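In case you want the letters, here they are:
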Amino acid sequence: MKRRKVVIALGGNAIQSGDATAEAQQLALEKTARQLVDFIEKGIDIIISHGNGPQVGNILLQQAAADSVKNPAMPLDTCGAMSQGMIGYWMQNAMDKVLKERGIKKNVVTVVTRVVVDQNDPAFLNPTKPIGPFYSEEEARQIMEETATFFKEDAGRGWRRVVPSPKPVSIREHSVINSLIQQGNIVIAVGGGGIPVIETENSLLGIEAVIDKDFASQKLAELVDADALIILTAVDNVYIDFNKPAQKKLADVSIEELNVYIEGGHFAAGSMLPKVEAAIKFAETSPDRKTIITSLDQAFNAIEGKAGTVVSLHRAGVLA
Ligand SMILES: Nc1ncnc2c1ncn2[C@@H]1O[C@H](COP(=O)(O)OP(=O)(O)O)[C@@H](O)[C@H]1O
Ligand SMILES: NC(=O)OP(=O)(O)O
């Protein structure tokens, strides 16, 4: 029987909920690992991807604070690579610990992943991706006046620095990621949406941007021929009329219906909208492919059809 393969995209709350210390983030990842190892116990192959908005923004600030001739600040693409290594390392430790506790022998490996983007992507002219800590409007306006950076209000949560977020075109390491999975390993890849690179005549060149991890995860799920893309965030479901008295949970939803809800403005730009768009992009490639959007706590119930929002071409049901 064909083994099931899923790409699991971890939202911000899987790594960090307020406390940015290494200890707190590692503790959060241990809780996350407990949920993910349930998939392994069920015989499902997993590729783990994750966001990096808070982390890459903080690394960038650290670079600026220490910038000098002897210790020059690193550019954003390199900071993205640092965030992949840092979170991948924490995730490997967390997964190893839980796998050992449950008596499962499997290797966990992080692949530094480069994602090719189009240098003419209009996103380079309109920065939208929030990174780093939150500021008050007053603080943000002052920093903008003093530096060549842009800030925007982030989904009612405060002001954050924004950087360009081009769409992923291809993933340089997708074949090796697939080989690692086929050999029975657990793979962590496209962390932080992948390191954005552009293709030049002879090489790949890093470019200053942060790719949305939900879009990068969708692209990877497509390229490795995954059965499902599972997007984990802070809510159990996608809702229409979110946070209003008429709020309604979406359980099993077709792409056609979701497009109507997008038109109706039900999903906030920069938070739920990219998840819904990524969900559609993956599910529309085949009637056999589904995207599930749910919380970390409901992830396992969701693949058994007991929770979450399942997006498919024809309301086709769930993975299990
Ligand atoms: N229609 C909606 N249904 C559910 N959640 C929504 C909706 N619109 C906005 N949201 C918000 O979007 C959040 C997910 O976006 P975000 O926090 O940016 O993602 P991530 O988990 O990847 O960090 C949810 O926790 C919820 O607060
Ligand atoms: N790269 C990315 O999408 O990060 P967040 O999910 O943390 O915003």
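Bear in mind that the values here come from a model prediction, so they are computed numbers and not experimental data. (Residues numbered from 1 in each chain as written. Chains lettered and ligands numbered in written order. Predicted model: local features only at pLDDT ≥ 70, side-chain atom pairs only at ≥ 80, totals over all residues. Heavy atoms only, no water.)

Describing the overall build of the protein chain
Selection criterion: Secondary structure elements follow DSSP: runs of H or I of four or more residues count as helices, runs of E of two or more count as strands, with numbering from the N terminus. Taken over C-alpha atoms, the radius of gyration is set against a globule rule of 2.2 Å times the number of residues to the power 0.38. Contacts: residue pairs with any heavy atoms within 4.5 Å of one another. Per-residue and other accessible areas follow the Shrake-Rupley method at a 1.4 Å probe size, with only the shown protein chains counted as cover for residues. Just so you know, the count uses Lys and Arg for positive and Asp and Glu for negative, and it drops His and the chain ends. In plain terms, the charge of a residue is placed at NZ if it is Lys, CZ if Arg, CG if Asp and CD if Glu.
A count of helices and strands for the protein chain gives nine helices and 17 strands. A compact globule built from 320 residues should have a C-alpha radius of gyration of about 20 Å, and the protein chain, at 19 Å, falls within 12% of that. Summarising the internal contacts of the protein chain: among those between residues at least 6 apart in sequence, 72% fall at separations of at least 24. Surface accessibility of the protein chain: about 14900 Å² in total, with carbon and sulfur atoms responsible for 50%. In the protein chain, 33 side chains carry a positive charge and 39 a negative one; their mean positions are 6 Å apart.

Some thoughts on the layout of surface pockets
The line we're drawing: Residues are called lining when one of their atoms sits within 4 Å of a cavity or pocket point, these points coming from a 1 Å grid over the protein atoms alone, where a cavity is a set in which a 1.4 Å probe fits but cannot get out and a pocket is an open set with protein on both sides within 12 Å along at least five of seven lines. Grid points are joined across faces, edges and corners, and a volume is the space filled by probe spheres set on the points. Residues are grouped as follows: Ala, Val, Leu, Ile, Met, Phe, Trp, Tyr, Cys and Pro are nonpolar; Asp, Glu, Lys and Arg are charged; every other residue, Gly included, is polar.
Approximately 290 Å³ is the volume attributed to the second largest pocket. Lining the second largest pocket are 17 residues, and of these Leu60, Leu61, Ala64, Thr149 and Arg161 lie nearest its centre. Going through the elements one at a time, helix H2 (53-66) and strand S5 (129-135) are the ones with two or more residues in the lining of the second largest pocket. For the lining of the second largest pocket, a count of residues per class yields ten nonpolar, five polar and two charged.

Thoughts on the sheet that holds strand S16 (residues 290-295)
Cut-off, in case you're wondering: If DSSP finds at least two bridges between two strands, the strands pair. Here, axes are lines fitted to C-alpha atoms. For helices the fit covers the stretch in contact, and angles between N-to-C directions go from 0 to 180 degrees.
With respect to topology, eight strands assemble into an open sheet ordered S3-S9-S2-S1-S12-S16-S17-S15, the strand pairing being mixed. In the strand order of this sheet, the two ends are held by strand S3 (108-110) and strand S15 (252-254), each with one partner. Taken over all neighbouring pairs, the strand axes of this sheet differ in orientation by 20° on average, direction set aside. Two elements, strand S1 (residues 5-10) and strand S2 (residues 45-50), share six bridges in a ladder whose sense is parallel. Along S2, the bridge assignment pairs Val6 with Ile46. Contacts between helix H5 (residues 174-182) and the sheet are confined to S1, S2, S3 and strand S9 (186-188), with S2 contributing the most and set at about 140° to the helix. Packing against the sheet, helix H7 (residues 255-263) makes contact with S15 and strand S17 (309-312), and its axis sits at approximately 80° to S15.

Some points on the packing of H2 against helix H3 (residues 76-101)
This is how the line gets drawn: Reported orientations rely on four angle classes, namely roughly parallel under 35 degrees, roughly antiparallel over 145, roughly perpendicular from 65 to 115, and oblique for the rest. Handedness of a crossing is defined here by the sense of rotation of the near helix relative to the far one, left-handed for an anticlockwise turn of less than a right angle and right-handed for a clockwise turn.
At a minimum axis separation of 9 Å, H2 and H3 run at an interaxial angle of 120°. The angle between H2 and H3 falls in the class oblique. The element H2 and its partner H3 pack so that their crossing is right-handed. For the pair H2 and H3, the contacting residues are Gln55, Val56, Ile59, Leu60 and Gln63 in the first and Leu76, Cys79, Gly80, Met82, Ser83, Met86 and Ile87 in the second.

With respect to the pattern of salt bridges
Formally: A pair is scored as a salt bridge if a Lys or Arg side-chain nitrogen falls within 4 Å of a carboxyl oxygen belonging to Asp or Glu. The rule is simple: take the accessible area with a 1.4 Å probe, protein chains only, and divide by the maximum for that residue type; under 20% is buried, over 50% is exposed, in between is partly exposed.
A complete count under the given rule lists 17 salt bridges for this structure. Here Arg157 and Asp154 are joined by a salt bridge, their closest N and O atoms 3.2 Å apart. Look at Asp154 and you get buried, because its relative accessible area is 5%. A single salt-bridge network, built from bridges that share partners, covers Glu30, Arg34, Lys97 and Glu101.

By themselves, these figures tell us nothing about what the structure is for.
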